[in-house]
Every structure is written in C-alpha cells, then in structure tokens.
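The chain contents come next:
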Amino acid sequence: MDARIRKLQIELLTLGNGVIVVGIWSFLRSALTIFVSENNFFQDVPEEAKTFVYIFIIIVTAILFSLDFYIGLSARSESKGKKKRIVYLVFTAISLVVYIAVALTGVITLIMRATTDGIISNIITIIIDITSIVCLAELMINGILLRKLRKNITPATSEVITEVGNER
C-alpha cells in the first residue's frame, strides 16, 4: 500500500504541474486569439460594445487561469502530504466541465465550418483540449484515491509517506 501511495503522490505532483501549464496555455491561447485575429473576432460586435467584450473576456480568462493555477498548486501540495480541503477537487470538476464544453464547441465548429481556413489550428486546439480533459480527470481520480488510501493507513507509516513528496 505504501508503494501505491507513493505512486499516486508522484502522479498527483506531475498532474498538478500539468494543470498549471494547461492554465498558462489557455490564457495565452485566449489572448492570441483575441489580439491576433481581432478583425475576425469582433466583426459582428458593435464598436461601442468592443471595450465591454474585451473586459469580459479578460475577466473570464483570468478567472479560468486562476482556477487552473489553484488546482495545480493544491494538487502539488496534497501530493507532498499537506492537508488540503476538498474544494480543489470540486474546482477540478468544474474546470473539467468547462474544458469538455470548450472541446465540444471546437468539434462542432470544425464540423459546421464551410471552409478549410484554419482547420489545422482548430484540430490542434481540440487535441490540446482533450489532453487537458484527460489531465484534469486523472488529477481528480488520483486525488480521491490518495485521500482514500491515506485514511486507511496508520500514523507511523504516514510520516514516511509524507517525506516522499519532499524528495528532490
């Protein structure tokens, strides 16, 4: 059981790093989408509403980045044996739903598109979104399993196991 806990700790640490990187990627992708293809992005938005739309997109993107950053740091912290509340797993589920919705939207857009302009970038984005979904799902599963296994161990073995996450 100790080996299983150590394995879950290492996986949770790695997945926490992955979620942080996914958050950074999502933030950069949103910023680049808006600022690089501004003319296409805002073609149907009235001129007086563009500022509001910019602010709204920046706020939503910042919230999603903060959510991914919190989830990643919490997973890393729990992998090192520190007590974390279950809130980060709830946020992981919420983030998972958001990424599933984004991936489905990308797939539907790809299918409904009449032209082949930008098809490669859409496929790459969908693949990255699917990778993000897998990463978040694994993080949630490993977080829950690690919590269950830690409840079943004695205090003497928990001291040894918490030191594993601190190895370099």
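Residues numbered from 1 in each chain as written. Predicted model: local features only at pLDDT ≥ 70, side-chain atom pairs only at ≥ 80, totals over all residues. Heavy atoms only, no water.

Novice: If you had to explain the overall build of the protein to someone new, which residues and values would you point to?
Specialist: The number of helices and strands found in the protein is six helices and zero strands. When the 168 residues of the protein are sorted by exposure, 29% land in the buried category. Expressed as a percentage of contacts within the protein between residues at least 6 apart in sequence, the contacts between residues at least 24 apart total 78%. As presented, the protein carries roughly 10,600 Å² of accessible surface, and 69% of it is formed by carbon and sulfur atoms. (Helix = DSSP H or I, 4+ residues; strand = E, 2+ residues; numbered from the N terminus. Buried < 20%, exposed > 50% of the residue type's maximum accessible area, 1.4 Å probe, protein only. Contact = heavy atoms within 4.5 Å. Areas by Shrake-Rupley, 256 points an atom, 1.4 Å probe, with all protein chains shown as cover.)

Novice: Outline the nonpolar core, supporting the account with residue identities and numerical values.
Specialist: Grouped burial of nonpolar side chains is what soluble globular proteins tend to show. Formed by 21 residues in total, the largest nonpolar core has its most connected members in Leu12, Val19, Tyr88 and Leu139. If you list the elements that add at least two residues to this core, you get α1 (2-36), α3 (50-79), α4 (87-112) and α5 (119-151). Apart from the residues lying within four places of it in its own chain, the contact partners of Leu12 are Ala75, Glu78, Ser79, Tyr88, Leu139, Asn142, Gly143 and Leu146. (Core = buried A, V, L, I, M, F, W, Y, C linked by side-chain atoms within 4.5 Å.)

Novice: Provide a residue-level description of α4, including the pertinent values.
Specialist: Over its 26 residues, α4 extends 37 Å from the first C-alpha to the last, a length consistent with the 38 Å expected when each residue adds 1.5 Å. Listed as buried for α4 are Tyr88, Leu89, Thr92, Ser95, Leu96, Tyr99 and Ala103. Of the surrounding secondary structure, the elements contacted by the buried residues of α4 are α1, α3 and α5. (Expected span 1.5 Å × (residues − 1).)

Novice: Describe a nonpolar patch on the surface, with residues and values.
Specialist: A surface patch of nonpolar side chains, amounting to about 570 Å² of accessible area, comprises Ile24, Trp25, Phe27, Leu28, Leu32 and Val36. Note on placement: Leu28 falls in helix α1. (Patch = residues over 30% accessible without salt bridge, like charges linked within 9 Å, V, L, I, M, F, W, Y side chains within 5 Å. Salt bridge = Lys/Arg side-chain N within 4 Å of Asp/Glu carboxyl O.)

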